[in-house]
Amino acid sequence: MLDSLVFYFFASIAVVSAMLMVTRRNAIHSAVFLITALLSTAGIFLQLRAEFLFIAQIILYVGGIMVLFIFVIMLVRLDVALPRILSPRRKWVAISVALIVFLEAIIIVLMSRKIPGQGLLVSNPYPSDKLPPNTEDLANSLFGLYLLPFEIASVLLLVAMIGSVVMAKKRTDAP
Amino acid sequence: MHSVVQGVLAFVQAWWVELLCAVVIVLVVPLLAGYIVLVERKVMADMQARLGPMRVGPHGLLQPIADALKLLIKEDLVPGDADKFIFWFAPVLSMTAALTSMGAVAFGPWFQVARDINIGLLFVVGISALGPFGIVLGGWASNNHYSIIGAIRSTAQLISYETTAGFALVSGFLLAGTLKVTDIVKAQLDDHAWYVFLAPVGFFTYLIASIAETNRAPFDLPEAGSELVAGYMTEYSGFRWSLYFLAEYANMIVVGSVGVTLFLGGWLRPFPNVPWMAWVDVLPVVLLAAVGVFCVRRAGKQPARVQVLFMWAVAAACLVVALIFALAAPVRLAPLSFMYAGLYGAFWFLLKVSVYLYLFMWLRFTLPRFRFDQLMRLGWHILIPLALVNVLAVGVMLALYLNCGWNRWLATALTTIATLLVGMLLIRWNDQHAAAASASIASDGAQEEDAYAG
């Protein structure tokens, strides 16, 4: 009972702030609502007893990526840049992508024939009053069972990082 | 309605210890922050050969309370062009993040709000990383050029130094093998060493990064008084300003607590495993009694009647707490021994945090402020590579000790020396790089001057 109450609390905040994020005109306001949405998603992770995901969400998305977003928003003059980016064609692309993702979600829900949030989890071997040691579990599966995919992903990320640095670097030899 | 009341009562009954700890933190931290400010002013005065605040109370002891009252009744100005909602929201966010992150800090073995969480110190670090949003949003909402420059500087600084702090913490976590706060301290007890001795480079990188993260001098560029008025808090006044101020000092306590827990043995007394060093346990009693006696002796020399009374009150408080400590010692073996452990643990923990904060003040009044390019170069060219190499070195040290059966101190010494050598190479390479860069800037400037001359 309490669990579902907590879930619906965070879920409603997430949905409402996601909607507000899209509809705000001011980019900083959008960023603030995106932060709220990410934080309430972190709250849902906590309600699912995934502490490590909760703190990873906060440190990476809120503490890292959103700080960068706001940094960029402050440096770029959006009232000049936005009209150039927003074109009717892009709007249609965005609408169709959103529709496709929404349909996918509906299909997944229908195929699993279950209400979201129930029965989708693997059965939890730990007692419900104590949090499972999911940092250790995550480490064991990442560095044991899924070591190769993990390493491939990290090499990919490294390549992307170096590539972006090279692309962003000023070309001193150019005329 | 009835069931709601019952639910609340059951909740309070189940969690009353944690609730009490949380209430104590929320009540005490602002007071503590005020007194840290007083200590800071006194230390500054001492280093500059002056007396500092002397008027309000004996030796200015009531100054923080007077300041807090003044800030509360000051006019609360909101600039006309400010974004009202975010302007209101930003200082609250800073303060909330600082206080929430204290929830997982263990002030002694029993005083901790979130006792059993698995992510422990990560929670403290992660939640306190939300505080800078208050600074950034506040600076933006003020609609003032100085404020926004302060906010942007703060963001850039945070991104640069958060990484270093993270890697420094990883080196400590590697040694402890856990993220749980209590288990980290227990691991240091079992390893017979504070981790500052096993990962000295890690501790010092964390120290520097933590000063930078709390925007303290010499890294106080976001509020740099002589160039940006007051940086992000230029437009703030009265109570909102004091919320930023409290958040800064609360954050200092948080980073100090993280450093003390991970590297300085948390609430353990010095030499926790050496039986004949047990006499250090007497230290809290002696210290408090000495302060009490000092206050009694100075009471007669105070100029005003109020000050004499206040001096007697401080003396009485010190002596009573000393008596409690002294009386708690015999119950070490009794069922109440947890009280003893909690009291002494809290004493040592707070003492270590105070030393950490004193170091902050000392650095603030000794070093001049960095230039922004120097700050960035220190962060990206020296500290981050050094912290990365240090993580590797601690890993090698653990492998040598655990898998190859080396002596632990030999392995530590070798890996530390290797890390320091890498650090020296980094500094040297960076110096050459900087010299080349400034030479090119100088030549650019010369060309421009020529152009003007032409």
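The rules behind each value
- Residues numbered from 1 in each chain as written.
- Chains lettered and ligands numbered in written order.
- Predicted model: local features only at pLDDT ≥ 70, side-chain atom pairs only at ≥ 80, totals over all residues.
- Helix = DSSP H or I, 4+ residues; strand = E, 2+ residues; numbered from the N terminus.
- Buried ≥ 20, exposed ≤ 12 C-beta atoms within 10 Å, placed from the backbone.
- Contact = placed C-beta atoms within 7 Å.
- Axes fitted to C-alpha atoms, helices over the stretch in contact; angles between N-to-C directions.
- Parallel < 35°, antiparallel > 145°, perpendicular 65-115°, else oblique.
- Left-handed = near helix turned anticlockwise from the far one by under 90°.
- Nonpolar A, V, L, I, M, F, W, Y, C, P; charged D, E, K, R; others polar.
- Core = buried A, V, L, I, M, F, W, Y, C linked by C-beta atoms within 7 Å.
- Domains from an automatic or database assignment.
- pLDDT = per-residue confidence, 0-100.

Considerations on the overall build of chain A
Each helix and strand in chain A was counted, giving seven helices and zero strands. Looking at chain A as a whole, 15% of its 175 residues qualify as buried. For chain A, the proportion of contacts with a sequence separation of at least 24, taken over those separated by at least 6, is 52%.

Section: the packing of helix 6 (residues 145–176) of chain B against helix 9 (residues 200–213) of chain B
Residue and element names in this part refer to chain B. Look at helix 6 against helix 9: their axes get within 8 Å of each other, and the N-to-C directions meet at 150°. Taken together, the axis directions place helix 6 and helix 9 in an arrangement best described as roughly antiparallel. Like other packed secondary-structure pairs, helix 6 and helix 9 cross with a definite hand, here left-handed. Residues Q157, L158, Y161, E162, T164, A165, A168, L169, S171 and G172 of helix 6 lie in contact with helix 9, whose contacting residues are G202, T205, Y206, A209, S210, A212 and E213. For the contact of helix 6 with helix 9, the class distribution of residues is eight nonpolar, seven polar and two charged.

Structural notes on the nonpolar core
Residues I35 of chain A together with L121, V124, A250 and V254 of chain B are the most contacted members of the largest nonpolar core, which totals 130 residues. The biggest single contributor to this core is helix 11 (residues 238–263) of chain B, with 15 residues. Setting aside its immediate chain neighbours within four residues, V124 of chain B contacts S101, A104, V105, V254 and V258 of chain B. Membership of the second largest hydrophobic core comes to seven residues, among which are L288, C295, V314 and F325 of chain B.

Considering the interface of chain B and chain A
Listed per partner, the contact involves 23 residues of chain B and 19 residues of chain A. Of all the secondary-structure elements, those providing two or more residues to the side of chain B that touches chain A are helix 4 (121–128), helix 5 (131–141) and helix 6 of chain B. For the side of chain B that touches chain A, the per-class residue count stands at 19 nonpolar, three polar and one charged.

Quick look at the packing of helix 3 (residues 51–75) of chain A against helix 6 of chain B
Where helix 3 of chain A meets helix 6 of chain B, the axes come as close as 10 Å, and the angle between the chain directions of the two elements is 145°. The two elements helix 3 of chain A and helix 6 of chain B cross, and the hand of that crossing is left-handed. Residues V67, L68, I70, F71 and M74 of chain A of helix 3 of chain A form the contact with helix 6 of chain B, whose participating residues are I148, A151, I152, T155, L158 and I159 of chain B. Looking at side-chain class alone, the contact of helix 3 of chain A with helix 6 of chain B contains 10 nonpolar, one polar and no charged residues.

Observations concerning the domain arrangement of chain A
Along its sequence, chain A is carved into domain 1 (1–83), domain 2 (87–121) and domain 3 (134–169). Each of domain 1 of chain A and domain 3 of chain A has a C-alpha centre, and the two are 24 Å apart.

A few points about the confidence of the model for chain B
Residue and element names in this part refer to chain B. With 93% of its residues at a pLDDT of 70 or more, chain B shows a mean pLDDT of 81. For chain B, the element scoring lowest by mean pLDDT is helix 10 (residues 225–228), at 68; helix 9 scores highest, at 89. In the model, residues 448–454 has pLDDT below 50 throughout and makes zero contacts with residues more than four positions away in sequence or in other chains.

Observations regarding the confidence of the model for chain A
Residues and elements named next belong to chain A. Mean pLDDT over chain A: 80, with 80% of residues reaching 70 or higher. Considering each helix and strand of chain A separately, the mean pLDDT is smallest for helix 4 (residues 78–85), with a value of 68, and largest for helix 7 (residues 147–168), with 91. Note that residues 119–123 has pLDDT below 50 and, in this model, three contacts with residues that lie over four places away or in other chains.

A few points about the environment of A98 of chain B
Residues and elements named next belong to chain B. When you line up the elements, A98 lands in helix 3 (residues 84–101). Exposure remark for A98: the 27 C-beta atoms within 10 Å place this residue in the buried category. A C-alpha to C-alpha distance of 7.6 Å links A98 and I127, two positions 29 residues apart in sequence. Beyond its immediate stretch of four places on either side in the chain, A98 contacts S128, G131, A247, A250, N251 and V254.

Considering the environment of Q157 of chain B
Residues and elements named next belong to chain B. Summarising the element assignment, Q157 is placed in helix 6. Under the C-beta neighbour-count criterion, Q157 is labelled buried, with 23 such atoms within 10 Å. Placed 58 residues apart in sequence, Q157 and N215 show a C-alpha to C-alpha distance of 8.6 Å.

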